[in-house]
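Architecture and fold: a report
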Amino acid sequence: MIHNTKFFLLFKNNSAPYAEVATFLLASKSKSLQNLTLALSQQANNQSSLLIKDIEKNSSQSIQGKTSITKFFSRQFASNLYEIASAQTVAQIDYYVDACRKKDSQIILKKVKENQLISEKPNLGDILIWDYLKNLPKEERTDSTLKYIKMMEKKLPELSQAVFEVNSVFATEPVLNQFKAKIVEKLSTLLNVAEDLAYESLEVPNKSINGDFAFPIPRLKLPGNPVQIAKELQQKIKTDEYILKVTAFGPFLNFFINKNLLTQKLLPQILTQDTKYGNNYDGVGKTALVEYSSPNIAKPFHFGHIRSTIIGNFVKNVLNATGWHTVSINYLGDWGKQYGLLAVGFEKYGDEELLQKDPIKHLFDVYVQINKDGEEKDENGNSEVHDSARRYFKKMEDGDADALKLWQRFRDMSITKYREVYGRLNIMFDIYSGESQYSYEQCKEVLDELQGKNLLVPSDGALIVDLTEKNLGTAVIGKSDGSLLYLSRDIAAAISRHEIYNFDKLYYVVASQQNHHFKQLFTILEEMGKPWVKNCEHINFGMILDMSTRRGNVVFLEELLDATQESMHEVMKKNEEKYNQIENPDLVADTVGLSAIMIQDMSSRRNKDYSFVWSRMLSFEGDTGPYLQYAHSRLRSIERKAEEAGIVIPEDLVVNFNLLVEPQAVLLMNFLAKFPEVVKEVSKSFEPCGVVQYCFELCHNFSSTYEQLYVLNQEKELAVARLALYKSARITLGNGLRLLGIM
Ligand SMILES: NC(=[NH2+])NCCC[C@H](N)C(=O)O
């Protein structure tokens, strides 16, 4: 624990001589020092971007071949490390560690030896190193270590405050699990059961009269009558401060937990963990690539891209909340014959000014016009437009600089515009990639590999992979004119992603209409002998049936957002009094409008189709996005008003939680305790509705509690306890909304 605490501090801290130290220590012989160093390097990469660049320069190694921190540390320990590092850093750490191990960074090593490792401000990394160094056996101490120890001893007093801070943050195990663990402990002392099985078998009964947890005896497959066994066990189980009562109900054992104790443990945990409440570390040390949105340049941003954007962002958020390092990829449709067509069209219809103003829209217009021209055929059924488009695209595939220049411009300008629109949704991508990254040259190797494995068969001049035995038909990989296809590029992309990131998971968030495509893709990769294909997953979803707005059919994301904002604005104006109090109505209309779209999208299971029902979606009543945001701001205002009245939660969190005895309060708190379980669940199902439903229920719970339990005008102690409850509700709701991407 003590080490955890220090590590925690280490990474919370903002100074960074660690890269040097890391290199230094890695070169040492002591195993424990080397382990320590791996942890240190995590901080190094956070802070010392310059040093990392140094290493990058000096290292011919790429991110590939990374080592995972979890290999070196126990899970809990690694978790703590992860807690501290921002989600973006694990790959860098691994990279850095790797570079260090190969002792690529001579420069850094030199710096350490020259004793430049301690920054002006004392930092907790130092204390940690100091702690290790001073406990080092004599024969392992060198001059540098001795010097270092001395330097540190001068700085120690300044660090004590920070140590205190951290000690209060550390209990991260979900509170309900502590109760579960108690039950499991009791059962396993009486019966010979595997703890894991017992733990997993615990259920939450539907009715509260059946207790907080129920244990179904039949799960244990014991000889004898389960009802009888339940009865006998009930007699034998001893209650304690965690478990107040045990009853036998048919083949079930029902457990009633100590709600007071729950409150005492839960609320301080939520209040200290704050935005981290609900998170877990299941994915620590692992990397997931999440590909979503992926629109096609010069084509409309249709429902599939909208849903992919919203759901993909959710998937990424959930992964981050569960400890994964993620790389989000926007895989643009930015390659293929249609770009030849676009280029030909631009020559004819292009308008520089319109392009600058709104590239996405203008390119789309050009594309529509040239497609019309392309419908004209000569007597042999050939179209001049399409022929020149093919020729143009061929030049692009051949790497012709001029042809590529124009395409690059269209692409860059479109990305700039996309960024802006995604920004309104608060969505960002780590990487803008696209089909263009897998042009003929890149795909060639894949073709050769397929050929080498005898998987390619000629068929009517084209090259196909025959998947009929797997009931997946035939997959065309190359056309008769030698050009490649969407599927071919996807094969190349998957292989390249695996090479670069060595991912533990690759998620494609794409409409169900492409189920067949992904089945073919995964099967081909499997036949090519890529064992990692088992880690690729298509996260699919149904259609939006009626996406028209009052302005007609929405084809662009931006238009949809504008239309929503406009409608929201009108809804808001209906309440004149409230409307006049809003400082920036445009912005509010935009944010609340977006939450309306997003919540509507995530309210049912992914695979269900749904229609856009504007009136329902934009309402502040009923289960809508605006309602959730409204509830959140009500919770905020409780805190604000309390503060104005001088009611504050003390920093040490010494609050008389025992005063929260009313059934509504207990109900609300019980509900808050379940949030970590919800996060865990959706991290397996990737069903956003799990979180949406939780948030709605939380708001309903809060509403009925707040009707009766006020904060203002109460005894001080009671007011503070209730404030702590509402603040915890606000934190939990906020964390849910953040997962959904609407906060
Ligand atoms: N790797 C993939 N195939 N991702 C999905 C890309 C979606 C494609 N651009 C489309 O609009 O249909």
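Model, not experiment: these values are computed from the prediction.

1. Considering helix α28 (residues 625-644)
Here α28 contains 20 residues, and its C-alpha end-to-end distance of 29 Å stays within 8% of the 28 Å for a straight helix at 1.5 Å per residue. Taken together, the buried positions of α28 are Gly625, Pro626, Tyr627, Leu628, Gln629, Ala631, His632, Leu635, Ser637, Ile638, Glu639 and Ala642. In the core, the buried residues of α28 are packed alongside α24 (557-573), α26 (585-602), α27 (614-617), α31 (688-708) and α32 (716-740). Between the side-chain oxygen at the start of α28 and the backbone nitrogen of Tyr627 there is a gap of 3.2 Å, and the oxygen is on Thr624. The first or second residue beyond α28 is Gly646, which carries a positive phi of 80°.

2. Details of the packing of aromatic side chains
To describe a pair of aromatic rings, you give the distance between the ring centres and the angle between the ring planes. Tallying each qualifying case throughout the model produces 26 aromatic pairs. Note on Phe503 and Trp532: the rings are 5.7 Å apart at their centroids and 90° apart in plane angle, and the pair reads as edge-to-face. In this pair, Phe503 sits in the loop between α22 (486-501) and β10 (505-509) while Trp532 sits in the loop between α23 (515-527) and β11 (536-539), placing the two residues 29 residues apart along the sequence. Comparing Phe503 with Trp532 shows no difference in burial state: the two are buried.

3. A look at the side chain of Ser595
Note on placement: Ser595 falls in helix α26. The buried category is assigned to Ser595, whose relative accessible area is 1%. Side-chain polar atoms of Ser595 contact the backbone oxygen of Val592, separated by 2.7 Å.

4. A few points about the sheet that holds strand β8 (residues 462-466)
Strand order in the open sheet made by the 3 strands is β7-β8-β9, with antiparallel pairing throughout. The two strands at the open ends of the sheet, each matched to only one other strand, are β7 (456-459) and β9 (474-478). Taking each pair of neighbouring strands and ignoring which way they run, the sheet shows an average axis angle of 45°.

5. Notes on a negative patch on the surface
On the surface, Glu185, Glu195, Asp196 and Glu200 cluster together into a negatively charged patch. It is helix α12 (residues 195-201) that contributes the most residues to the negative patch, 3 residues altogether.

6. Description of the site of the ligand
What surrounds the ligand is the set Glu291, Ser294, Asn296, His305, Tyr331, Tyr486, Asp490, Tyr508, Val510, Gln514, His517 and Phe518. With respect to the ligand, the side chain of Glu291 contributes an N or O atom lying 2.7 Å from a nitrogen atom. Between the ligand and Gln514, the relevant distance is 2.8 Å, taken from an oxygen atom to a side-chain nitrogen or oxygen of the residue. Here the ligand loses 91% of its free accessible area of 350 Å² to cover by the protein chains. Within the residue set of the shell around the ligand, elements represented by two or more residues are α22 and α23. Broken down by class, the residue content of the shell around the ligand amounts to 5 nonpolar, 5 polar and 2 charged.

7. Here we look at the environment of Glu139
Looking at where Glu139 falls in the secondary structure, it is placed in the loop between α8 (124-134) and α9 (143-155). Sequence-wise, Glu139 and Ser683 are 544 residues apart; in three dimensions their C-alpha atoms are separated by 49 Å.

8. Let's talk about the UniProt feature "domain: Arginyl tRNA synthetase N-terminal" (unreviewed entry) in the protein chain
Here, UniProt's "domain: Arginyl tRNA synthetase N-terminal" (unreviewed entry) annotation points to residues 177-257. Helix makes up 40% of residues 177-257 and strand 21%, and the two end C-alpha atoms of the span are 12 Å apart.

9. Observations concerning the packing of helix α14 (residues 259-273) against helix α29 (residues 663-673)
Between α14 and α29, the least distance of the axes is 10 Å, while the angle of their chain directions is 55°. What the angle tells us is that α14 and α29 run oblique. When you trace α14 past α29, the crossing you get is left-handed. Packed against α14, whose contacting residues are Lys259, Leu262, Thr263, Leu266, Leu267 and Ile270, the element α29 presents Val666, Met669, Asn670, Leu672 and Ala673 at the interface. Tallied by class, residues from the contact of α14 with α29 come to 8 nonpolar, 2 polar and 1 charged.

What counts as what
- Along each chain, the written sequence defines residue order, and numbers are assigned to residues from 1.
- In keeping with the predicted nature of the model, local features appear solely for residues at pLDDT of at least 70, side-chain atom pairs appear and are counted solely at 80 or more, and the whole-chain, interface and lining totals rest on all residues.
- The side-chain values count all of the structure's non-hydrogen atoms but skip hydrogen atoms and water molecules.
- What counts as a helix is a DSSP run of H or I of at least four residues, what counts as a strand is a run of E of at least two, and both are numbered from the N terminus.
- Helix span, expected: 1.5 Å multiplied by one less than the number of residues in the helix.
- The classification of residues rests on relative accessible area computed with a 1.4 Å probe and restricted to protein chains. Under 20% of the type maximum is buried, over 50% is exposed, and intermediate values are partly exposed.
- Throughout, a contact is declared for two residues whenever any of their heavy atoms are within 4.5 Å.
- Polar contact is the term for a pair of N or O atoms within 3.5 Å; when the atoms are in protein, one must be able to donate a hydrogen and the other to accept it, and sequence-neighboring residues count only if both atoms are side-chain atoms.
- Note on ring pairs: Phe, Tyr and Trp rings are taken, using the six-membered ring of Trp, and paired if centres are within 6.5 Å. Classes follow the plane angle, with under 30 degrees stacked, over 60 edge-to-face and the rest tilted.
- We treat two strands as partners when DSSP finds at least two bridges between them.
- The convention used is that axes are lines fitted to C-alpha atoms, helices contributing only their stretch in contact, and that angles between N-to-C directions extend from 0 to 180 degrees.
- Residues enter a patch when their relative accessible area is above 30% and they make no salt bridge; the linking distance is 9 Å between like charges and 5 Å between nonpolar side chains (Val, Leu, Ile, Met, Phe, Trp, Tyr).
- Method for areas: the Shrake-Rupley scheme with a 1.4 Å probe, in which residue coverage is limited to the protein chains shown.
- A carboxyl oxygen of Asp or Glu within 4 Å of a side-chain nitrogen of Lys or Arg is what we treat as a salt bridge.
- When charges are counted, neither His nor the chain ends are considered; positive counts come from Lys and Arg and negative counts from Asp and Glu.
- Note on charges: their place is set at NZ of Lys, CZ of Arg, CG of Asp or CD of Glu.
- We call a residue near a molecule or strand whenever a single non-hydrogen atom of that residue lies within 4 Å of it.
- Gly falls in the polar group here, along with every residue not listed as nonpolar (Ala, Val, Leu, Ile, Met, Phe, Trp, Tyr, Cys, Pro) or charged (Asp, Glu, Lys, Arg).
- UniProt positions are given in the numbering used here, feature names are shortened, and annotations may be inferred rather than shown by experiment.
- By definition in this entry, angles of less than 35 degrees are roughly parallel, angles greater than 145 are roughly antiparallel, angles of 65 to 115 are roughly perpendicular, and the rest are oblique.
- In this scheme the crossing of two helices becomes right-handed for a clockwise turn of the near helix relative to the far one and left-handed for an anticlockwise turn of less than a right angle.

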